[in-house]
Amino acid sequence: MVLGILGSGSGSNMQAILDAIDAGTLDARIALVLSDNPHAIILERARGRGIATGVIDCRGFRTKFPEEAQAETAGRLKAAGVELVCLAGFMRLVKRPLLDGYPNRILNIHPALLPAFPGLESWKQALDAGVPETGCTVHFVDEGMDTGPVILQERVPVLPGDTPQSLHARIQVAEHRLYPAAILRIAAGLAPAPSL
Ligand code: GRF
């Protein structure tokens with residue numbers, strides 16, 4: 001399975017995928033890592049591993065992912081031979097034409113048990129809501145925000161005295177197990193892409 005990763009931040013989930021590949025538990029290869037942030041640590045991590053990287057030119061938009069940039073991104077992923085696209089802390093909403101280039105072949109990891117707490121800082125949302133547990137979800141990406149079909153979820157307890165930081169850190173430990181496991185399910189044909 002040839003993977004492409006899109007990320008905007010630290011890339012700890014990409015690292016977890018690389019670790020699973022190194023450990024021999026995931027038969028895959030990361031062919032290309034792209035970021036909308038030229039300074040993102042995920043790019044440094046990828047370069048350190050000799051993985052091809054690139055910056056997505058979002059035409060000066062702060063949060064939007066312009067259509068031309070999405071088409072370019074699909075083209076670069078295709079040219080690198082990418083079969084499955086993994087969003088790993090990518091902070092822009094994917095729409096057409098990137099979705100059209102990879103129908104049911106784009107995954108995202110979200111730090112909550114979707115459909116609960118979509119959107120930003122879900123760990124804070126969970127703390128504010130006073131729920132006893134939250135978690136993380138790997139799902140197929142569709143045109144909504146954190147709305148596509150769920151592939152795998154893992155529960156994470158909210159503990160007394162948790163801060164947003166401590167809860168997010170505990171969720172990330174679970175994320176690092178969950179993302180490689182979800183990719184493995186797809187590679188093994190256990191999570192067939194839903195029909196549109
Ligand atoms: C993760 O918590 C993920 O759930 C969210 O963004 C964060 C990315 O972290 N979508 P990292 O860049 O993989 O460390």
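Residues numbered from 1 in each chain as written. Predicted model: local features only at pLDDT ≥ 70, side-chain atom pairs only at ≥ 80, totals over all residues. Heavy atoms only, no water.

## Comments concerning the nonpolar core
Formed by 39 residues in total, the largest nonpolar core has its most connected members in Ile5, Ile30, Val33, Leu107, Tyr179 and Ile183. Of all the elements, helix α6 (residues 164-187) adds the most residues to this core, at eight residues. Apart from the residues within four sequence positions on either side, Ile30 is in contact with Leu3, Ile5, Met14, Ile17, Leu18, Ile21 and Ile51. One finds Phe65, Ala74, Val85 and Leu87 within the second-largest nonpolar core, a separate group that totals 21 residues. (Core = buried A, V, L, I, M, F, W, Y, C linked by side-chain atoms within 4.5 Å. Buried < 20%, exposed > 50% of the residue type's maximum accessible area, 1.4 Å probe, protein only. Helix = DSSP H or I, 4+ residues; strand = E, 2+ residues; numbered from the N terminus. Contact = heavy atoms within 4.5 Å.)

## With respect to helix α3 (residues 67-79)
Across its 13 residues, α3 extends 18 Å between first and last C-alpha, which sits within 8% of the 18 Å expected from 1.5 Å per residue. Among the residues of α3, those classed as buried are Ala69, Gln70, Thr73, Ala74 and Leu77. In an axial view of α3, the angular spread of the buried residues amounts to 140°, which keeps them on one side of the axis. On its buried side, α3 packs onto β1 (2-6), β2 (29-35), β4 (84-87) and α4 (98-101). Downstream of α3 by one or two residues, Gly81 has phi in the positive range, about 80°. (Expected span 1.5 Å × (residues − 1). Arc of directions from axis to C-beta.)

## Focus on the environment of Ala28
Position of Ala28 among the secondary structure elements: in the loop between α1 (12-23) and β2. What makes Ala28 buried here is its relative accessible area of 13%. A C-alpha to C-alpha distance of 30 Å links Ala28 and Pro66, two positions 38 residues apart in sequence. Once residues lying within four places of it in the same chain are set aside, the contact partners of Ala28 are Met1, Leu3 and Ile21.

## Comments concerning the site of the ligand
Around the ligand sit Ser10, Gly11, Ser12, Asn13, Gly89, Ile109, His110, Pro111, His168, Gln172 and Glu175, and those are all the residues in its vicinity. One of the side-chain nitrogen or oxygen atoms of Ser12 is found 2.5 Å away from an oxygen atom of the ligand. Here an oxygen atom of the ligand and a side-chain polar atom of His168 are 3.1 Å apart. Compared with its free state, where it exposes 370 Å², the ligand has 86% of that area covered by protein. Contributing elements (two or more residues each) for the shell around the ligand: α1, β5 (106-110) and α6. Grouping the amino acids of the shell around the ligand by side-chain chemistry returns two nonpolar, eight polar and one charged. (Near = heavy atom within 4 Å. Polar contact = N/O pair within 3.5 Å; in protein donor to acceptor, adjacent residues only side chain to side chain. Areas by Shrake-Rupley, 256 points an atom, 1.4 Å probe, with all protein chains shown as cover. Nonpolar A, V, L, I, M, F, W, Y, C, P; charged D, E, K, R; others polar.)

## Some points on the packing of aromatic side chains
One pass over the structure, following the stated rule, counts one aromatic pair. Between Phe65 and Phe90, the ring centres sit 5.4 Å apart and the planes meet at 65°, which makes this aromatic pair edge-to-face. Within this pair, whereas Phe65 is found in the loop between β3 (52-55) and α3, its partner Phe90 is found in the loop between β4 and α4, the two being separated by 25 residues in sequence. Looking at Phe90, the relative accessible area reads 7%, which means it is buried. When the ring centre of Phe61 is taken as origin, the NZ or CZ atom of Lys64, which lies over that ring, is 4.6 Å away. Lys78 extends its terminal NZ or CZ atom over the ring of Tyr102, reaching a point 4.0 Å from the ring centre. (Phe/Tyr/Trp six-rings, centres within 6.5 Å; stacked < 30°, edge-to-face > 60°. Lys NZ or Arg CZ within 6 Å of the ring centre and 35° of its normal.)

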